[in-house]
Amino acid sequence: MKYGRFDNVNKEYVIERPDVPVSWTNYLGVKDMCTVISHNAGGYSFYKTAQYHRITRFRQNGVPLDRPGHYVYLRDDDSGDYWSVSWQPVAKSLDKASYECRHGLSYSKFLCNYDRIRAEQVLFIPVDDDVELWDVRIRNDDSKERKLSVFSYCEFSFHHIDMDNQNLQMSLYAAGSSFEDGIIEYDLFYDPDAYHYFCGGFEPDGFDCVRDRFIGPYRDESNPLAVEEGRCGGSTELGGNHCASLQKKIVLAPGAEARLVFMLGVGRRKKGGEIRRKYSDPSNVDRAFDGLKRYWRTKLEAFQCSTPHEGLDTMVNTWTLYQAETCVVWSRFASFIEVGGRTGLGYRDTAQDTMSVCHTNPAKSRQRIVELLQGQSKDGYGLHLFEPGWFNPAEKSKKPLKSPTVVPQPDSADIFTGLKDVCSDDALWLVATVCEYVKETGDRDFFAETVNFADSGKASVYEHLRRILDFSARQTGPHGVCKGLRADWNDCLNLGGGESALVSFLHYWALNEFLEASEFLGRTKDVKKYSAMAAKVGKVCEEKLWDGEWYIRGITAKGKKIGSRKNAEGRVHLESNAWAVVSGAASADRARKCMDAVDEHLYSPNGIHLVWPSYSKPDDDIGYVTRVYRGIKENGSIFSHPNPWAMIAECRLGRGKKAMKFYDALLPYNHNDRIEIRQAEPYSYCQFVVGRDHPAFGRGRHPWLTGSAGWNYVAATRHILGVRLSFGGLIVDPCVPADWKGFEVNRKWRNADYRIVVKNPDGVEKGVKSMTLNGRPVSGPIPAQKKGTANEIVVVMG
Ligand code: NOJ
């Protein structure tokens, strides 16, 4: 069963049936203001952080699941009938009304045809203004004149999520609303920075700022009293719950169309006035919308492919990059799942996400890398979850907010809680990310830049990376394998002082990435030192972690191997086997064998399972994973994030057909027509898909903010299509199914264009027979060409 389709021309996903089993979301805002919005216009906005600069409210885990929202109601002032432009909240019968939602790149468009009135509501946040514009058009398709009232509605939130959820005896008296000069202002009495406004590019005929006045008693957003009566109540109050409703009456002749623009913004009434003047001119709204389109077009142009696989083209050229960029900007803080209770950067998540967008967002990548380096201790580990503001002098000097609800703020000294809270993998990811950034930008001086450590002292970026590698070298257990510490990539595998195979493989990988950098920089002493370290780590991996047919996952504090043939449960794990190969630590024979085991034991047509068999009995030596239901999350679901590691491993092995089999199984696009099972968005990777040990096998959960986006993008572009960078230049090394006759990639790199044409006359899966650059034969990496040039690379596989 399907609910929508991809529109590749407009780069939109079109939801044709609004009664999707779960909310299908989108993200508006590319800088500081953000709205998470569902296909039914449910959702919420915040400024910079969903933890303490919330703008509109979200009732998390609510029924229905995405209320309230940013709604527009229409009312026929002759008949009294009313509806909403998005299907929810009024939810007219689908026999009588037709609805469509188009999620585009940082905008969402809601369309409705009801009773011969066509209405459209486009929501977006301009690139350069902290305001959400609601561009509403209403057309009379009737043969007679129609008198309508248009109402906006959104519900304001207390600033801090904790304020919004607790101690209401205090917080309910700390927020107020007022209406003057056509502008609603919402203020939080205790916080001088917390003002928001709402206005329209027209003179309203009515307003309501008090939520309960607009909605009415014993009602909800589906049947607000003000809309039913056709009249806002002109309410404002100091204290209470607040909303933003403006009413505008319109009269439309047959065929006539009205356009109304509403604005929800950050700042005081004065700011609202400036923004109102600007966007009262519809050409400025159009210009802002074009600006947003241009913003994304420029990004997407950095990598476009045309292959025999339409799903791969659709996802790589638009949706997977869009998702990866969203993760870099909003980390893991705001969705309908992560509702903003904790913000800040997840160290490992951001380090990995950033790696995938250095070519489309170098400035943000650099910012994130520096923030992560500032969140690194001088001992070399990363703070698992931290606020970049803790290390930013301007932010630090701000006086802490004295809210009426006490929200504890950690003192600087409390940030370091010691090794017990350190995740063994966190900072290792950053090594490759820094290297990727330099390969992309050519900014080799970045290695020499000085950055503070989180605790004390400062050092060059290069030295930061050395400390990361040295930390892992010190943190080894009795078998010489890296310790698991609090957890490794798998939050739920808590080996309680045991050792993690995955981390040793990651260490080996990071060492090799670093060695490329130190060779490039001519740091011969380091090349020697870290080559020896890598050799030692590689030897431990091969001697201690091989189990006969695949690699183990770790060794508990009590010395028990997990991920071994001898285990009844948790016998084969995906992460250690994929990384044995991706890191290059596994010998050729073992690499093939362990990936064959992954295919045999973990693969399914919905994707690759994280572990098999899943755990059924709690075992605290292994960790929390054993206390999770079978087939869910880390206990045997199809965890999306490590799936692309298996694709990359297959590419290393030269098995293009297998890599594509794995890619196809997980690809959301391929599940578009089986939404009765998958439920989740076909345009976004989910954190996990329920595994075969659970009756809901195949159901996707937790879309959008997941490392799967970045890694799937990396697997498809850099390993399957094989277009990637080294310090020496551009490499084209595809690994594709043998029946691909060829493909093309358009890549922008350091201000030059590269049209890459790959031909596969012999029907091979991997291998390059010849390569030309602008007609001249070349071998090896292609150095950056002159800025502004258009180049053609022709690659013949064989
Ligand atoms: C989600 C977390 O955000 C991520 O850091 C972790 O690696 C995965 N879960 C797996 O546990």
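The preceding data block contains the structure.
Note that the coordinates shown come from a computational prediction; the quantities given were computed from them, not determined experimentally.

Trainee: Help me understand the overall build of the protein in this model?
Mentor: Along its length, the protein carries 20 helices and 41 strands. Counting only C-alpha atoms and orienting by the principal axes, one finds that the protein spans roughly 80 × 60 × 55 Å. Per-residue burial over the protein gives 63% buried out of 798 residues. Considering only contacts in the protein between residues 6 or more positions apart, those separated by 24 or more positions represent 69%. Entry remark: accessible area of the protein is about 29100 Å², with carbon and sulfur atoms responsible for 49%. Once the 105 positive and 103 negative side-chain charges of the protein are each reduced to a mean point, those two points are 4 Å apart.

Trainee: Would you explain the pairing of strand E35 (residues 723-726) in this entry?
Mentor: With four bridges connecting them, E35 and strand E36 (residues 729-732) associate as antiparallel partners. Residue Ser726 lies in a different strand from E36, and its bridge partner there is Gly729. In textbook terms, the turn of a hairpin is the stretch between consecutive antiparallel strands, and for E35 and E36 this stretch comprises two residues.

Trainee: Looking at this structure, I do not really get the site of the ligand. What am I missing?
Mentor: Lining the immediate environment of the ligand, one finds Arg348, Asp349, Trp489, Asn490, Asp491, Glu634, Phe639 and Gln687. Trp489 places a main-chain nitrogen or oxygen 2.6 Å from an oxygen atom of the ligand. Within the backbone of Asp491, one N or O atom sits 2.9 Å away from an oxygen atom of the ligand. Contact with the protein chains covers 90% of the free accessible surface of the ligand, which is 300 Å².

Trainee: I'm lost on the packing of aromatic side chains in this one. Help?
Mentor: How two aromatic rings sit relative to each other is set out by the distance from centre to centre and by the angle between their planes. Here the structure, examined in full by the defined rule, presents 58 aromatic pairs. Between Phe447 and Phe727 the ring centres are 6.4 Å apart and the planes differ by 50°, which places this aromatic pair in the tilted class. Within this pair, whereas Phe447 is found in the loop between helix H11 (428-441) and strand E23 (450-452), its partner Phe727 is found in the loop between E35 and E36, the two being separated by 280 residues in sequence. For the pair shown, Phe447 and Phe727 are each scored as buried. Ring plane angle 35° and centroid distance 5.0 Å describe the contact between Tyr462 and Phe514, whose orientation is recorded as tilted.

Trainee: How do you make sense of the packing of helix H7 (residues 310-330) against helix H20 (residues 708-720) when you look at a structure like this?
Mentor: Think of two packed helices as two axes; the pair is described by the angle between the axes and how far apart they sit. At a closest axis distance of 7 Å, the pairing of H7 and H20 adopts a crossing angle of 145°. Note on packing geometry: the crossing formed by H7 with H20 is left-handed. Between H7 and H20, the contacting residues are Val316, Thr320, Leu321, Gln323 and Ala324 on the first element and Ala709, Gly710, Asn712, Tyr713, Ala716 and Thr717 on the second. Of the residues belonging to the contact of H7 with H20, the class tally is six nonpolar, five polar and no charged.

Trainee: Can you help me understand the pattern of salt bridges in this one?
Mentor: Oppositely charged side chains may form a pair once their charged atoms are brought near each other. Applying the stated criterion across every chain, the model contains 77 salt bridges. Two residues, Lys748 and Asp753, come together in a salt bridge whose shortest N-O distance is 2.7 Å. The exposure class of Asp753 is partly exposed, given its relative accessible area of 33%.

Trainee: Can you walk me through the sheet that holds strand E18 (residues 242-252) in this structure?
Mentor: The strands that make up a sheet are held in pairs by hydrogen bonds between backbone atoms, and each pair lies either parallel or antiparallel. With respect to topology, five strands assemble into an open sheet ordered E8-E7-E13-E18-E17, the strand pairing being antiparallel. A single partner strand is all that each edge strand has here, and the edge strands are strand E8 (82-84) and strand E17 (206-210). Averaged over all pairs of adjacent strands, the angle between their axes in this sheet comes to 20°, without regard to strand direction. Across six bridges, the pairing between strand E7 (residues 71-76) and strand E13 (residues 146-153) is antiparallel. Among the inter-strand pairings, Leu74 is bridged to a residue of E13, identified as Val150.

Trainee: Would you mind showing me how to read the nonpolar core here?
Mentor: In globular proteins that are soluble, nonpolar side chains generally tend to be buried together. Of all hydrophobic cores here, the largest spans 247 residues; its most connected members are Ile138, Phe214, Trp579 and Tyr663. It is helix H13 (residues 501-520) that contributes the most residues to this core, 12 residues altogether. For Phe214, the contacting residues outside a window of four places in its chain are Tyr73, Phe151, Ser152, Tyr153, Asp208, Pro224, Leu225, Ala226, Val227, Cys232, Cys243 and Ser245. Counting eight residues, the second-largest nonpolar core is a separate cluster that includes Cys492, Ile562, Tyr615 and Ile622.

Trainee: Looking at this structure, I do not really get the sheet that holds strand E34 (residues 700-703). What am I missing?
Mentor: Taken together, three strands build an open sheet; the order of strands is E32-E33-E34 and the sheet is antiparallel. Taken across any chain shown, the strands that pair with only one partner, and hence form the sheet edges, are strand E32 (638-639) and E34.

Trainee: What is the right way to look at unusual backbone geometry in this model?
Mentor: Excluding glycine, most residues fall at negative phi; most peptide bonds, likewise, are trans. Between Arg67 and Pro68 the backbone carries a cis peptide bond, its omega angle lying at -15°. With respect to the secondary-structure elements, Pro68 resides in the loop between strand E6 (49-54) and E7. That bond from Gln88 to Pro89 is cis: its omega, 10°, falls within 30 degrees of zero. The topology assignment puts Pro89 in the loop between E8 and strand E9 (97-104).

Trainee: Help me understand helix H8 (residues 347-355), please; the structure alone is not making it clear to me.
Mentor: Three- or four-residue spacings in an α-helix give side chains the same orientation, since the helix completes a turn every 3.6 residues. Within H8, nine of the nine residues are buried, leaving the element largely enclosed by the surrounding structure. Burial in H8 covers these residues: Tyr347, Arg348, Asp349, Thr350, Ala351, Gln352, Asp353, Thr354 and Met355.

Trainee: Would you mind showing me how to read H7 here?
Mentor: End to end, H7 covers 29 Å across 21 residues, agreeing with the expected 30 Å (1.5 Å per residue, within 8%). At Val316, H7 is deflected by roughly 50°, the largest bend along its length. Burial runs high along H7: 20 of the 21 residues are buried. Just past H7, the residue Ser331 takes up positive phi, approximately 45°.

Trainee: I would appreciate a short explanation of the packing of helix H16 (residues 588-602) against helix H18 (residues 656-666) in the present structure.
Mentor: Relative to each other, H16 and H18 sit at 35°, their axes nearing to 13 Å. When the axes of H16 and H18 are compared, the crossing they make is left-handed. Between H16, through Met595, Asp596 and Asp599, and H18, the contact on the second element is made entirely by Lys658, Lys661 and Phe662. Taken together, the residues of the contact of H16 with H18 break down into two nonpolar, no polar and four charged.

The rules behind the values
Numbering of residues starts from 1 in each chain and follows the order in which that chain's sequence is written. Owing to the predicted nature of the model, reporting of local features is limited to residues with pLDDT of at least 70; listing and counting of side-chain atom pairs is limited to 80 or more, with chain, interface and lining totals taken over all residues. Side-chain calculation: all heavy atoms of the structure are included, whereas hydrogens and water are not. Working definition: helices are DSSP H or I runs of at least four residues, strands are E runs of at least two. Numbering for both runs from the N terminus. Each residue is assigned to one of three classes by its accessible area relative to the maximum for its type, calculated with a 1.4 Å probe on protein chains only: buried under 20%, partly exposed between the two thresholds, exposed over 50%. Contacts: residue pairs with any heavy atoms within 4.5 Å of one another. What sets the accessible areas is the Shrake-Rupley method with a 1.4 Å probe; for residues, cover comes only from the shown protein chains. In this tally Asp and Glu are treated as negative and Lys and Arg as positive; neither His nor the chain ends contributes. By convention, charge coordinates are those of NZ in Lys, CZ in Arg, CG in Asp, or CD in Glu. For two strands to be treated as a pair, DSSP must find no fewer than two bridges joining them. Nearness is judged by heavy atoms alone; a residue qualifies as near a molecule or strand once a single heavy atom is within 4 Å of it. Whenever a nitrogen or oxygen atom comes within 3.5 Å of another N or O atom, the pair is scored as a polar contact, on the condition that within protein one atom can donate a hydrogen and the other can accept it, and that pairs from neighbouring residues in sequence are kept only if both atoms are in side chains. Aromatic contacts are taken between Phe, Tyr and Trp rings whose centres are within 6.5 Å, Trp giving its six-membered ring; a plane angle under 30 degrees counts as stacked, one over 60 as edge-to-face, and the others as tilted. Orientation is described by lines fitted to C-alpha atoms, with helices fitted over the stretch in contact, and by angles between N-to-C directions that extend from 0 to 180 degrees. In this scheme the handedness of a crossing depends on how the near helix is turned from the far one: anticlockwise by less than a right angle means left-handed, clockwise means right-handed. Residues are grouped as follows: Ala, Val, Leu, Ile, Met, Phe, Trp, Tyr, Cys and Pro are nonpolar; Asp, Glu, Lys and Arg are charged; every other residue, Gly included, is polar. Each reported salt bridge corresponds to a side-chain nitrogen of Lys or Arg within 4 Å of a carboxyl oxygen of Asp or Glu. Among buried residues, the Ala, Val, Leu, Ile, Met, Phe, Trp, Tyr and Cys ones that are joined through side-chain atoms within 4.5 Å form a nonpolar core. Here, expected helix span is obtained from the residue count minus one, scaled by 1.5 Å. Each residue is assigned a bend, namely the angle between axes fitted to the seven residues that terminate at it and the seven residues that start at it.

Function cannot be read off these values alone, since they describe shape.
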